[in-house]
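# Geometric and topological summary
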Amino acid sequence: MKVNKEIYKFVIFFSVSLILFGYGTLSIKDLPTSSDENVHAPHIARILNEHNLFLKTDTSPLPGYHWTMAFLAKLVHSSSATSMRFSTSFLSFFCLIAFVILARKIDNDAAFQKSCLFLIFPLIFPFFFLIYTDVYSMFYVFLALWAALDQRLWLSGIFGILSIFVRQNNIVWLVFVGLLAYFQNYYPQHRWQDIKHWLPKFFFFFLGAVLLTAFAIWNKGLVLGQRELHPLSLNFGNLFFFLFIFFFLFLPQNLKNFPKIVAFLKRHKIMWLILIELFLIYYLFFNAKHPYNRFGRFIHNWILFMMTASLQNKILTFLPIAYAVLSLCVTRLQRASFYLFYPFTILFLIPLPIIEIRYLFIPFSFFLLFKEKDSERITFYTLAINSFILFCLMFTLADGSFFP
């Protein structure tokens, strides 16, 4: 009976998903290309028209997404932007399926709840239909984690390599998945006779690191095009932006955590000192000076301008950031090994010079997957808030007034 109920819920879920994907695709199919679409779409068309996979490009990531899209464009005999958006929607639906499979693998009881939250996650949903690499990249990261949790480590490493071939910085998540697999299956096996047993299973994880290192040496850097705009350096912008957005997108859960936060602060008074230090870092180093963060039509740039406009704004906007930090401290994750996610999120975000919503996709998705199941009331409120935010984002995108 329970199995039939689960099947029934996911039949409804995927039926609703198809309707929402149809709405999203049709609502923007005729919009002119914008932002990075103006780089990705022409490159895909050139690959298709010139029958050359190794064309010089102005795009920063490796061409895994572009090759896949060129293949799909060849199948449908069209390289128009509308056709590419349909193809991106098709690939994004597989990403949704991968998330559902992964959620069921981690906690079957919470899978339906988390799948609903992922489907209408307002930051990610518009990019299901745009000609961007990020959702396709996330698809392979999900598969790598699923295969690792299923103890298929060679397959996990292969999926990790494919994710790197779409976006180079996914090497961080390849290492994360590898360490997670080690801690869940082999820790504390550290004697040589034990290492000889499990080390070959991680062959493709090491191969991914070697291949990316070889590429960086050959290419004289990790970035393909526009190198001057993508320097690797220490930047706290995306990390603070993640915390600021986290406060609002998980507002019901954060408010519910308030009593736990009070008790946590009473037990760990050193947190007040840590928060003061965080504010000093935020005040001194948080800025949006990159040229790409000065375009006014982007919603995230408008938010960044508001956050950095004055000292008063910085003080006010640090409050939700501080609360988010405390809320994360008291939020329980499904397994002890999942707490590795936090340092790897920091490692993933701090080298990125541009503050971008798209860089937060994987961190937010992993948080959804790893946290303990919420109550039905908290889930309902979260879905209601995020649905409203998503409606506003899609309206402004379709209207052409703003871009996520």
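Our subject is the structure listed above.
Structure report, in brief. (Residues numbered from 1 in each chain as written. Predicted model: local features only at pLDDT ≥ 70, side-chain atom pairs only at ≥ 80, totals over all residues. Heavy atoms only, no water.)

### Things to note about the overall build of the protein chain
Along the backbone of the protein chain there are 19 helices and zero strands. A compact globule built from 404 residues would reach a C-alpha radius of gyration of about 22 Å, and the protein chain, at 21 Å, matches this within 12%. With the C-alpha coordinates aligned to their principal axes, the bounding extent of the protein chain is approximately 65 × 60 × 55 Å. Here the protein chain holds 404 residues, and 54% of them are scored as buried. If you take every contact in the protein chain between residues at least 6 apart in sequence, the share linking residues at least 24 apart comes to 79%. Working note: accessible area of the protein chain is about 19100 Å², and carbon and sulfur atoms make up 70% of it. (Helix = DSSP H or I, 4+ residues; strand = E, 2+ residues; numbered from the N terminus. Rg over C-alpha atoms; globule rule 2.2 N^0.38 Å. Buried < 20%, exposed > 50% of the residue type's maximum accessible area, 1.4 Å probe, protein only. Contact = heavy atoms within 4.5 Å. Areas by Shrake-Rupley, 256 points an atom, 1.4 Å probe, with all protein chains shown as cover.)

### Quick word on the nonpolar core
In terms of nonpolar packing, the biggest core is built from 135 residues, with F118, F142, F176, F364, F366 and F370 touching the most fellow members. Of all the elements, helix α6 (residues 134-149) adds the most residues to this core, at 14 residues. Among all residues touching F118, those that are not within four sequence positions of it are C95, L96, F99, I124, F128, M138, F142, S365 and L368. (Core = buried A, V, L, I, M, F, W, Y, C linked by side-chain atoms within 4.5 Å.)

### Thoughts on helix α8 (residues 171-185)
Turn by turn, an α-helix covers 3.6 residues, leaving residues three or four places apart pointing in a common direction. A rise of 1.5 Å per residue sets the reference length of α8, with its 15 residues, at 21 Å; its end C-alpha atoms lie 21 Å apart and thus fit the reference within 8%. Elements in contact with the buried residues of α8: α6, α7 (153-164), α9 (192-198), α10 (203-219), α17 (341-349) and α18 (361-370). (Expected span 1.5 Å × (residues − 1).)

### A closer look at the packing of helix α11 (residues 237-249) against α18
Two quantities define a packed helix pair, namely the angle between the axes and the distance from one axis to the other. Where α11 contacts α18, the two axes come as close as 11 Å, and the packing angle between them is 45 degrees. Comparing their axes, α18 and α11 come out oblique. Of the two possible hands of crossing, α11 and α18 adopt the one that is right-handed. For the pair α11 and α18, contact is made by F242, I245, F246 and L249 and by P363, F364 and F367, respectively. When its residues are assigned to classes, the contact of α11 with α18 shows seven nonpolar, no polar and no charged. (Axes fitted to C-alpha atoms, helices over the stretch in contact; angles between N-to-C directions. Parallel < 35°, antiparallel > 145°, perpendicular 65-115°, else oblique. Left-handed = near helix turned anticlockwise from the far one by under 90°. Nonpolar A, V, L, I, M, F, W, Y, C, P; charged D, E, K, R; others polar.)

### Points about the packing of aromatic side chains
Enumeration according to the criterion identifies 64 aromatic pairs in this entry. Centroid distance F125 to F128: 5.8 Å. Interplanar angle 75 degrees. Geometry classified as edge-to-face. Accessibility assignment for this pair places F125 and F128 in one class, buried. Positioned above the aromatic ring of Y282, the side-chain terminus of K314 is 5.7 Å from the ring centre. (Phe/Tyr/Trp six-rings, centres within 6.5 Å; stacked < 30°, edge-to-face > 60°. Lys NZ or Arg CZ within 6 Å of the ring centre and 35° of its normal.)

### Description of the environment of A98
As for its placement among the helices and strands, A98 is situated in helix α4 (residues 81-106). Judged by its relative accessible area of 3%, A98 is buried. Separated by 26 residues in sequence, A98 and L72 have C-alpha atoms that sit 20 Å apart. Other than its neighbours up to four places away in sequence, A98 contacts F139, F142 and L143.

### Quick word on the pattern of salt bridges
Scanning the model with the defined rule gives eleven salt bridges in all. For K29, the salt bridge is made with D30, and the minimal N-O distance between the two is 2.8 Å. With relative accessibility at 61%, the residue D30 sits in the exposed group. (Salt bridge = Lys/Arg side-chain N within 4 Å of Asp/Glu carboxyl O.)

### A short note on unusual backbone geometry
Across residues other than glycine, the phi torsion is negative in most instances, and most of the peptide bonds are trans. Positioned with a positive phi, H77 is a non-glycine residue whose angle comes to about 55 degrees. Mapped onto the elements, H77 comes out in the loop between α3 (64-76) and α4. The exposure class assigned to H77 is exposed, which follows from its relative accessible area of 74%. Although it is not a glycine, Q151 sits at a positive phi angle of roughly 60 degrees. As for its position among the elements, Q151 is in the loop between α6 and α7.

### Digging into the side chain of H300
Looking at the element boundaries, H300 is found in helix α15 (residues 299-308). A distance of 3.2 Å separates polar atoms of two side chains, one belonging to H300 and the other to N301. (Polar contact = N/O pair within 3.5 Å; in protein donor to acceptor, adjacent residues only side chain to side chain.)

### A closer look at the state of the cysteines
As enumerated under the stated definition, the model contains zero disulfides in all. Take C116: it sits in no disulfide, and the sulfur closest to it among the cysteines is that of C95, at 16 Å. (Disulfide = S-S within 2.5 Å.)

### Some remarks on the environment of L349
Topologically, L349 is positioned in helix α17. Take L349: its relative accessible area is 0%, and that puts it in the buried class. Separated by 16 residues in sequence, L349 and L333 have C-alpha atoms that sit 21 Å apart. Setting aside its immediate chain neighbours within four residues, L349 contacts N235, N238, L239, F242, Y359 and L360.

### Quick word on the side chain of N293
When you line up the elements, N293 lands in the loop between α14 (270-285) and α15. Its relative accessible area of 5% is what places N293 among the buried residues. At 2.8 Å, the side chain of N293 and the backbone oxygen of I355 are in polar contact. Not counting chain neighbours up to four residues away, the residues in contact with N293 comprise A288, H300, N301, L304, P353, I354 and I355.

### Considerations on a nonpolar patch on the surface
Taken together, I276, L280, Y283, L284, F285, L311 and I315 make up a surface patch of nonpolar side chains, about 700 Å² in accessible area. At the level of elements, α14 and α16 (311-330) are the ones that each hand at least two residues to the nonpolar patch. Note on placement: L280 falls in helix α14. Here L280 falls in the partly exposed class, since its relative accessible area comes to 44%. (Patch = residues over 30% accessible without salt bridge, like charges linked within 9 Å, V, L, I, M, F, W, Y side chains within 5 Å.)

Function cannot be read off these values alone, since they describe shape.
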